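Structural features, examined
Below are the chains, spelled out letter by letter.
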Amino acid sequence: VDRRQRQMCIRDSLKAGEYAKAATSYDLARVVAPKSPVPLLGRAVAQLATREYSSSANSLLLAVELSPDPATFRQDFNSLLPDVAMVQERIKELQADLARFDDFRLRFLLGYAEYCSGDESTGMTDMTQAVHKMPPERAAARRLLEALRKDQLNRSATTTAPATGQ
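Residues numbered from 1 in each chain as written. Predicted model: local features only at pLDDT ≥ 70, side-chain atom pairs only at ≥ 80, totals over all residues. Heavy atoms only, no water.

Section: the side chain of Arg107
For Arg107, the location among the structural elements is in helix 7 (residues 104–116). Residue class for Arg107 comes out buried when judged on its relative accessible area of 13%. A distance of 3.3 Å separates the side chain of Arg107 from the side chain of Asp102, its partner in a polar contact. Once residues lying within four places of it in the same chain are set aside, the contact partners of Arg107 are Leu98, Asp102, Asp126, Gln129 and Ala130. (Helix = DSSP H or I, 4+ residues; strand = E, 2+ residues; numbered from the N terminus. Buried < 20%, exposed > 50% of the residue type's maximum accessible area, 1.4 Å probe, protein only. Polar contact = N/O pair within 3.5 Å; in protein donor to acceptor, adjacent residues only side chain to side chain. Contact = heavy atoms within 4.5 Å.)

Following this line, the structure appears as structure tokens:
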């Protein structure tokens, strides 16, 4: 089985709601490709689904550190995870946790989950708050946030540009 087929099998596990199995499979994929952010990102999504919020945040931030390409992080949770209500429930749980104790790692995870669930504006706000509280050595998270912001601006400019050549 080649790498691409393994990735498809793991994504199938996520789509089937087999989150613990997917997390374990992503761990194995990381052994094969330790410098790739993709297994870490997948593991972060699976851990979010299984309510392993601290582990998920750590996986996400490590993936950000490894990734040279912010496009890696543009995920659509609504197509990747079968239960949209579950994702919204995890977002609400993270919000409640953060209301008790604000942690930049969890705030970044919350923002990423919101962003990937279609609430890009709120997600960008939460990721920005998280980045402002991060230590200086977390420069990759700042770069990712800037790249996502530029991408968001480019997409909005494209969709709001008036039609030409009437």
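Here's the deal with the side chain of Arg90
With respect to the helices and strands, Arg90 occurs in helix 6 (residues 84–100). For Arg90, the side chain forms a polar contact with the side chain of Glu89, separated by 3.3 Å. Residue contacts for Arg90: discarding those within four places in its chain leaves Leu48, Ala49, Arg51 and Tyr53.

Concerning the packing of aromatic side chains
Scanning all chains against the criterion turns up one aromatic pair. Consider the rings of Phe77 and Tyr112, whose centres lie 5.9 Å apart with planes at 80°: the pair is edge-to-face. A residue pair is termed long-range when its members are at least 10 positions apart, and Phe77 in helix 5 (residues 77–80) and Tyr112 in helix 7 qualify at 35 residues. For Tyr112, a relative accessible area of 2% corresponds to the buried category. (Phe/Tyr/Trp six-rings, centres within 6.5 Å; stacked < 30°, edge-to-face > 60°.)

Nothing here speaks to function; it is geometry throughout.
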